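Tertiary structure, described
The chain contents come next:
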Amino acid sequence: MTGFSVDTKLFQELGELLVSKESIALVELIKNAYDADATVVTVTGVNIGDAQHGRIIVADDGVGMNDEEFRRGFLTIAGRTKNSGDRRSPVFGRRYTGEKGVGRLASHKLGMVVELQSRKAGNTQRGAAALPSAVSEVNARIDWAAIEALETLDQIPTSGAVTVVESSKPANPGSGTTLTIAPLRTAWSGRMRTSFLQEAATLAPLPVTWKKLPDGVVAKKLLFDALPIRDQQSSDPGFEVIFGGDLSLGDQLLPDDAAAANWIAEISFDRDSGKLAIALAPTARELRDAPNAEGFGFEKLLGQNAGPSFSARILQLSNGSWMEEISGVRLFMEGFRVSPYGEPRNDWLGLDKDYLSRGKRTLTGLARLDADRVPEGLDNEGLTTQGNQAYLGAVFLHRSSSPGLEMVVSREGFLPGAALDFIADWTRVAIDLIVRFKSLGRSKPKKVHAQEQLAQRNAANRSDVNETPTALRVRENAMEVERKFANIAQAVERNDFQAAAREAKELQPSLSEIREMADQFGSEAVQWRVLASLGTELAAFVHEINSVGLQISVLARDLEDALTMDDLARTRASIRKARQRALDLADRIRRNATYLVDATSFEGRRRRARILLSERFEAVRQFFDSRSEQKGITVVNDIPADFRTPPMFPSEVSGIFTNLLSNAVKFTHVGGRIEVTARERGGFCEVQMSNTGVAVDLSRARRFFEAFQSTTERPDAILGQGMGMGLTITRAFVQEYGGEIDFVAPPPGFATSICLRIPVR
């Protein structure tokens with residue numbers, strides 16, 4: 001029969017291919033110890049600068065191996081011992097970190113000969129708190145040089161290159177495995193050792209990236225108490241790695257204080273539910289420098305199996321850099337770092353690239369984010385982008401929930417693909433959110449200087465009863481600008497460019513003053529319009545208060561009557577009726593309070609965002625539910641659930657709907673219908689509200705947008721007659737964005753329709 005003949009050079013080829021460098025080889029051996037239920041593994045280097053006389057010792061206190069397990073596992077390349085059953089360790093139930101059966105080739109990468117002593121623990125049940133004493137011992141020796149001197153693998157059993165001796169009397173009662181690798185294949189230079197120590201510092205995640213944050217570091221809890229770094233069961237006593245001898249980490253002072261950071265963000269994605277959550281907050285340190293800094297959080301459904309499950313914590317440093325050994329955002333699979341992500345010169349998140357080109361003023365992560373309530377950033381926020389050294393973070397993955405993530409053959413990193421891109425994209429979103437909120441928090445409010453106060457007082461003295469001091473200042477500066485431009489034009493005509501330059505220079509103060517006043521009063525105008533919009537609904541507010549007060553009086557009388565009833569059944573029925581009335585009142589008060597808080601809150605006018613229009617309409621609609629129900633009006637929200645506005649203040653959108661819906665309810669007859677629709681057409685966000693009330697003469701309808709031109713000819717018993725300002729305010733909201741609003745021909749079945757169009761940006 002004809003078969004395959006495998007050259008012994010296979011070990012050399014596989015060793016170089018599957019394990020790219022010494023540090024990764026040691027990580028593979030440490031993972032083997034973890035999979036073997038070890039609680040401690042010690043990696044010791046002895047005279048490693050001398051290849052011939054140096055040695056590396058890897059010793060653990062795990063379950064060990066007997067003769068059969070050693071032959072079936074350690075001596076079987078690409079074996080299946082970790083791919084069968086539930087793929088968890090036998091005692092502590094750890095999810096196996098290895099699955100290819102090639103970790104033992106790490107010893108080939110490190111040295112010429114491997115001597116192994118393994119003491120097998122006695123039988124025990126899954127979930128035990130500790131391992132029992134050893135019951136047997138295996139001593140083995142693998143001479144890689146002797147193996148490679150042979151021609152084919154089938155010559156190994158008779159060559160003496162591999163020897164195995166088993167004993168039923170272990171030399172030590174404690175179970176575990178010790179590998180002694182000597183001589184070394186390569187003398188460890190000072191540079192190799194330094195590189196290894198830098199990598200070893202983050203072999204396991206730093207406590208600050210996953211342990212519970214100390215009280216007071218951030219104002220409120222983010223997403224986690226402690227992040228789940230490994231897929232462990234409750235009985236697991238933990239796992240520790242100790243480096244000794246020439247590989248000792250020494251007295252490295254690694255940061256363990258989260259309070260040193262300025263911002264902290266946490267991320268969670270669950271592939272089963274499809275839910276993504278991101279939360280970030282300034283630390284107490286940041287708030288000392290930027291008292292206006294605020295945290296942020298949001299949740300988003302991305303869909304089941306949109307990517308691998310993962311969790312992460314990222315710490316940002318504003319004025320300085322983390323130590324090079326630990327800076328960057330690293331990936332961890334079952335608690336072990338996956339090289340090379342986050343290491344120096346590895347820019348898997350594109351942070352260094354964007355830092356070097358930050359003049360573009362764009363945040364690449366937020367450019368793809370479509371999340372509600374994300375505030376609009378400042379124009380220069382991109383200039384505050386930082387590189388990798390400003391971040392210290394860890395992304396935690398579990399083998400069972402990370403399909404699509406496969407290691408490259410060199411054990412350095414995952415194969416490129418959608419799964420890795422998914423993690424990178426959302427990690428970058430969290431970092432860019434830190435950049436945005438840091439920028440917003442550190443933007444300092446303008447102070448009114450003495451010179452500004454004096455200018456305002458002088459304007460007050462000069463202005464007459466028909467003009468405000470600020471309007472006078474703007475008009476005077478505008479007139480000065482016109483005069484200077486006229487002088488410049490005359491100077492240019494006579495080729496007196498020196499005079500033109502002088503006039504242009506003298507023009508600057510007036511332009512600067514106009515700009516400053518525009519900045520100051522432009523932002524305040526939003527809230528003025530919102531408050532004016534609420535003022536137009538004053539009658540409705542008063543009615544609600546009176547109505548609720550009356551209902552509470554009726555409720556109190558019903559309860560008093562129930563107390564005097566002799567019939568228990570009648571008493572219980574009366575109390576149930578009163579209970580329902582109380583619940584209805586509570587819901588009515590809640591709806592009105594929610595509307596008022598939503599419309600007048602600071603968040604409603606702090607930053608523009610792309611608002612979910614349907615949700616915003618529903619928040620306003622609830623305020624008018626009482627009157628709609630009394631008139632039997634059906635209000636239909638036909639706005640697509642995912643339709644968003646251009647970037648606007650939430651309070652502006654609430655103000656628009658408040659005014660339009662108030663008018664619609666007033667003019668719709670009993671049993672009528674109100675319908676609101678939205679769509680994007682021709683580069684505009686188009687919103688239309690129609691009702692079955694009184695028709696409007698379209699040829700004369702524009703007058704209703706002028707101040708004090710009330711559309712209400714007879715007072716509404718609940719909503720009042722109106723001040724004639726509702727549509728004026730609404731038009732101001734719309735025109736602020738270059739939009740337009742007007743009465744239009746209603747669709748079939750409706751009497752009146754009003755349509756607003758705002759350009760999509």
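Our structure's up above, just so we're on the same page.
One structure accompanies this document, and this report is about it. (Residues numbered from 1 in each chain as written. Predicted model: local features only at pLDDT ≥ 70, side-chain atom pairs only at ≥ 80, totals over all residues. Heavy atoms only, no water.)

To continue, consider the nonpolar core. Counting 45 residues, the largest nonpolar core has Ile-278, Leu-280, Phe-310, Leu-331, Phe-414 and Leu-433 as the members making the most contacts within it. Elements with a minimum of two residues in this core: strand 8 (263-270), strand 9 (275-282), strand 10 (296-301), strand 11 (310-316), strand 12 (328-333), strand 14 (391-397) and helix 10 (418-442). Sorting elements by how many residues they give to this core places helix 10 first, with 13 residues. If sequence neighbours within four positions are ignored, Leu-331 has contacts with Phe-336, Arg-337, Val-338, Tyr-341, Trp-348, Val-395, Phe-414, Leu-420 and Ile-423. (Core = buried A, V, L, I, M, F, W, Y, C linked by side-chain atoms within 4.5 Å. Buried < 20%, exposed > 50% of the residue type's maximum accessible area, 1.4 Å probe, protein only. Helix = DSSP H or I, 4+ residues; strand = E, 2+ residues; numbered from the N terminus. Contact = heavy atoms within 4.5 Å.)

Once that is clear, we can look at the environment of Asp-421. Along the chain, Asp-421 turns up in helix 10. By relative accessible area, which is 45% here, Asp-421 ends up partly exposed.

Before going further, it helps to spend a moment on the sheet that holds strand 13 (residues 336-338). Taken together, seven strands build an open sheet; the order of strands is 10-9-8-11-14-12-13 and the sheet is mixed. Both outer strands of the open sheet, strand 10 and strand 13, are each paired with one neighbouring strand and no more. Pairwise comparison of adjacent strand axes, ignoring direction, gives a mean angle of 20 degrees for this sheet. The sheet contact formed by strand 9 and strand 10 spans six bridges and is antiparallel. Each residue of the ladder has a partner; that of Ile-278, found in strand 10, is Phe-298. (Pairing = 2+ DSSP bridges. Axes fitted to C-alpha atoms, helices over the stretch in contact; angles between N-to-C directions.)

Our focus in this paragraph is the pattern of salt bridges. Applying the stated rule across the entire model yields 31 salt bridges. A salt bridge links Asp-225 to Lys-221, with the shortest nitrogen-to-oxygen separation between them at 3.6 Å. Residue Asp-225 is classed as partly exposed on the basis of its relative accessible area of 42%. Here Lys-221 falls in the exposed class, since its relative accessible area comes to 53%. Measuring nitrogen to oxygen at the nearest pair gives 2.6 Å for the salt bridge that ties Arg-337 to Glu-343. Its relative accessible area of 12% is what places Glu-343 among the buried residues. (Salt bridge = Lys/Arg side-chain N within 4 Å of Asp/Glu carboxyl O.)

When you line up the elements, Leu-75 lands in the loop between helix 3 (67-74) and helix 4 (105-110). Leaving out residues up to four positions away in the same chain, Leu-75 has contacts with Phe-70, Ile-142, Val-162 and Val-164.

Attention now goes to the packing of helix 19 (residues 650-667) against helix 20 (residues 726-735). Put simply, helix 19 and helix 20 touch, their axes get as near as 9 Å, and they point 145 degrees apart. Crossing geometry of helix 19 relative to helix 20 is assigned as left-handed. Contact residues: helix 19 offers Glu-652, Gly-655, Ile-656, Asn-659, Leu-660 and Asn-663, while helix 20 offers Gly-726, Leu-727, Ile-729, Thr-730, Phe-733 and Val-734. Looking at the contact of helix 19 with helix 20, its residues break down into six nonpolar, five polar and one charged. (Left-handed = near helix turned anticlockwise from the far one by under 90°. Nonpolar A, V, L, I, M, F, W, Y, C, P; charged D, E, K, R; others polar.)

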